[in-house]
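# Structural characterization, general
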Amino acid sequence: MKEQRIPFNWPHMTGKELYYIAEAHSNGHLSGDGPFTKRCHEWLEAHSGCARALLTHSCTAALEMTALLLDIKQGDEVIMPSYTFVSTANAFVLRGAVPVFVDIREDTLNLDEEKIEDAITPRTKAIVAVHYAGVACNMDRLMSIARKHGLKVVEDAAQGMMASYRGKPLGSIGDLGTLSFHETKNVISGEGGALIVNDKNLAQRAEIIREKGTDRARFFRSEVDKYTWQDIGSSFLPGELIAAFLWAQLEDAQRITDQRIASWQRYHQLLEPLEAAGLLRRPIVPSDCIHNGHLYYVLLPSAHQREALLKDFKMQSISAVFHYVPLHSSPAGVRYGRTHGSLDITDLQSERLVRLPLFVGLTEDQQSHVVSRLAMSAKTA
């Protein structure tokens, strides 16, 4: 008898999303920055302690806003990992900047903080810290380097909602942070994101850039008698229906996180014997990081073994996937970016990584089946 299909991800509904969407319609406010958007902003500001939180229509949009806020220009350089989603680089390439790809750490797959300083040139303007799998970069070291060289820090915390570094929520440590609420993330709104402004000097300009370059937000707070074109900008804000859906998720964010962490821990326990036998490597979470159970991955000994596992999973109707193709090896990465030093660890880890199914509602039986098939494949490879 064929096993029931196990999806890689399944969007979780808390139960209040449709009720709040109906309420937004009843309010007669469907465009951006309505009552639900305000609630989301207040929640994010209280959670992060930031100067300003602003919903955006995606994390990509929030990253593009950071490039505008930091006045990134043609020829500027921005240091980042190659092992990340394309939006991390694209946001700065759109302003004419050059992504400078630096290798990642073997343990966390985050930017190797010890290789950043050597990559800094007179053209360097910012460092982007990508918190892979909701596990923080070494932000103390990274911030120290940035301050020493007068650089800005952007936290790409797309995967980092409800995770923290030394007690500080991810996204709240650098000058600017970005979050994703895409349906594959922990807290979702279908599409959606947020800009976290920690440098209070950037808060007012962030509002202007987000509202097509106008001071419309100040107008609605009765701070000016009309709003006008003040700066460059675009329409970065989501509609109120997105915010209403998100509000239902934010209200339940801790429960969602707890359930994902429980599934993450179960994988971790089930896979311990396979790691001890040298058949794979489990994720490593440093002691100063609290992760959010965003994703569970394993590193297999070789690309060949990963290919065999994914083929077996597909035959068993288990949806598991690899992750990023490193940006430095992509056509656009070669065209627009440059590497600094060896990226051997980036290449090695990206070829061996498999992400396992993980979502709210994943059952223990499903996890046991996934691990059983993984073990069988690993032992016969």
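Here the structure is a predicted model, which is why all the values come from computation and not from measurement.

This part takes up the overall build of the chain. Each helix and strand in the chain was counted, giving 13 helices and 13 strands. Expected size for 381 residues packed as a compact globule is a radius of gyration near 21 Å; at 21 Å, the chain falls within 12% of this value. Counting only C-alpha atoms and orienting by the principal axes, one finds that the chain spans roughly 70 × 55 × 35 Å. With 381 residues in all, the chain has 57% of them scored as buried. For the chain, the proportion of contacts with a sequence separation of at least 24, taken over those separated by at least 6, is 70%.

Moving on, we get to the pattern of salt bridges. Counted under the stated rule, the structure contains 31 salt bridges. Notably, a salt bridge pairs Glu77 with Arg338, separated by 3.2 Å at the nearest N-O pair. With Glu77 in strand β2 (residues 77-81) and Arg338 in strand β12 (residues 338-339), the pair connects residues that are 261 residues apart, well separated along the chain. Overall, the relative accessible area of 28% leaves Arg338 in the partly exposed class. Three or more residues joined by partner-sharing salt bridges are found here, namely Glu45, Arg52, Glu207, Arg218, Arg221 and Glu223.

Looking now at the nonpolar core. Residues Ile127 and Phe181 are the most contacted members of the largest nonpolar core, which totals 47 residues. At the level of secondary structure, the elements contributing two or more residues to this core comprise α1 (17-27), α2 (35-48), β1 (52-56), β3 (98-102), β4 (124-130), α5 (139-149), β9 (193-197) and α8 (240-251). With six residues, α8 is the single largest residue contributor to this core. Once residues lying within four places of it in the same chain are set aside, the contact partners of Ile127 are Ile79, Leu111, Ile116, Leu142, Ile145, Ala146, Leu151, Lys152, Val153 and Val154. Counting residues in hydrophobic clusters, the runner-up holds 33 residues, among them Leu69, Ala89, Phe101 and Val197.

With that settled, consider the environment of Leu356. Along the chain, Leu356 falls in strand β13 (residues 353-356). In this structure Leu356 comes out as buried when scored by relative accessible area, which is 1%. Taking the C-alpha atoms as reference points, Leu356 and Tyr296, separated by 60 residues in sequence, lie 5.8 Å from one another. Those residues in contact with Leu356 that sit more than four places away from it in its chain are Phe8, Tyr267, Leu271, Tyr296, Val298, Phe313, Val370 and Leu374.

This paragraph deals with the packing of aromatic side chains. Two aromatic rings, taken as a pair, are described by how far apart their centres are and by the angle between their planes. This model, assessed by the stated rule, comprises ten aromatic pairs. Look at Tyr83 and Tyr324: their rings are 5.1 Å apart centre to centre, the planes differ by 75°, and that puts the pair in the edge-to-face class. Within this pair, whereas Tyr83 is found in the loop between β2 and α4 (86-93), its partner Tyr324 is found in the loop between α10 (303-315) and α11 (331-336), the two being separated by 241 residues in sequence. The two residues Tyr83 and Tyr324 agree in class, both being buried. Note on Phe219 and Phe220: the rings are 5.4 Å apart at their centroids and 65° apart in plane angle, and the pair reads as edge-to-face.

So, about the layout of surface pockets. By volume, the largest pocket amounts to about 580 Å³. As for the largest pocket, its lining consists of 29 residues, and the residues nearest its centre are Phe85, Gln159, Thr184, Lys185 and Tyr324. Among the elements that take part in the lining of the largest pocket, helix α3 (residues 59-69) stands out by supplying three residues, more than any other. For the lining of the largest pocket, the residue count by class is ten nonpolar, 14 polar and five charged. Of the pockets and cavities examined, the second largest pocket occupies roughly 430 Å³. Around the second largest pocket, the lining is made up of 19 residues, and of these Asp33, Lys38, Arg52, Phe220 and Arg221 lie nearest the centre. Elements that contribute at least two residues to the lining of the second largest pocket include exactly α2, β1, α6 (203-210) and α7 (216-220). In terms of residue count, the dominant contributor to the lining of the second largest pocket is α2 (six residues).

So, about the pairing of β3. With respect to burial, β3 is a largely interior element, four of its five residues being buried. With five bridges connecting them, β2 and β3 associate as parallel partners. Bridge pairing links Val78 to Pro99 in β3. With α4 bridging β2 and its parallel neighbour β3, the resulting β-α-β unit is right-handed. Pairing geometry for β3 and β12, over two bridges, is parallel. Counterpart to Val100 in the pairing with β12 is Arg338.

So, on to the environment of Gly190. Its place among the elements puts Gly190 in the loop between β8 (176-180) and β9. Classification of Gly190 by relative accessible area gives partly exposed; the value is 28%. Note: C-alpha distance between Gly190 and Ser58 (132 residues apart in sequence) is 9.5 Å. Those residues in contact with Gly190, other than ones at most four positions away along the chain, are Phe181, His182 and Glu183.

Turning our eyes to something else, we now look at the sheet that holds β1. Pairing is mixed in the open sheet, where eight strands are placed in the order β1-β9-β8-β5-β4-β2-β3-β12. Looking at strand neighbours, the two that pair on one side only are β1 and β12, the edges of this open sheet. α4 rests against β2, β3, β4 and β5 (152-156) of the sheet, and its axis sits at about 180° to β2. Strand contacts of α6: β1 and β9, with the helix running at about 15° to β1, the strand carrying the most contacts.

Rules and cut-offs
Residues numbered from 1 in each chain as written. Predicted model: local features only at pLDDT ≥ 70, side-chain atom pairs only at ≥ 80, totals over all residues. Heavy atoms only, no water. Helix = DSSP H or I, 4+ residues; strand = E, 2+ residues; numbered from the N terminus. Rg over C-alpha atoms; globule rule 2.2 N^0.38 Å. Buried < 20%, exposed > 50% of the residue type's maximum accessible area, 1.4 Å probe, protein only. Contact = heavy atoms within 4.5 Å. Salt bridge = Lys/Arg side-chain N within 4 Å of Asp/Glu carboxyl O. Core = buried A, V, L, I, M, F, W, Y, C linked by side-chain atoms within 4.5 Å. Phe/Tyr/Trp six-rings, centres within 6.5 Å; stacked < 30°, edge-to-face > 60°. 1 Å grid on protein atoms, 1.4 Å probe; cavity = no way out; pocket = protein on both sides within 12 Å on 5 of 7 lines; lining within 4 Å. Points joined across faces, edges and corners; volume = space filled by probe spheres on them. Nonpolar A, V, L, I, M, F, W, Y, C, P; charged D, E, K, R; others polar. Pairing = 2+ DSSP bridges. Right-handed = clockwise from strand over helix to strand, strands pointing away. Axes fitted to C-alpha atoms, helices over the stretch in contact; angles between N-to-C directions.

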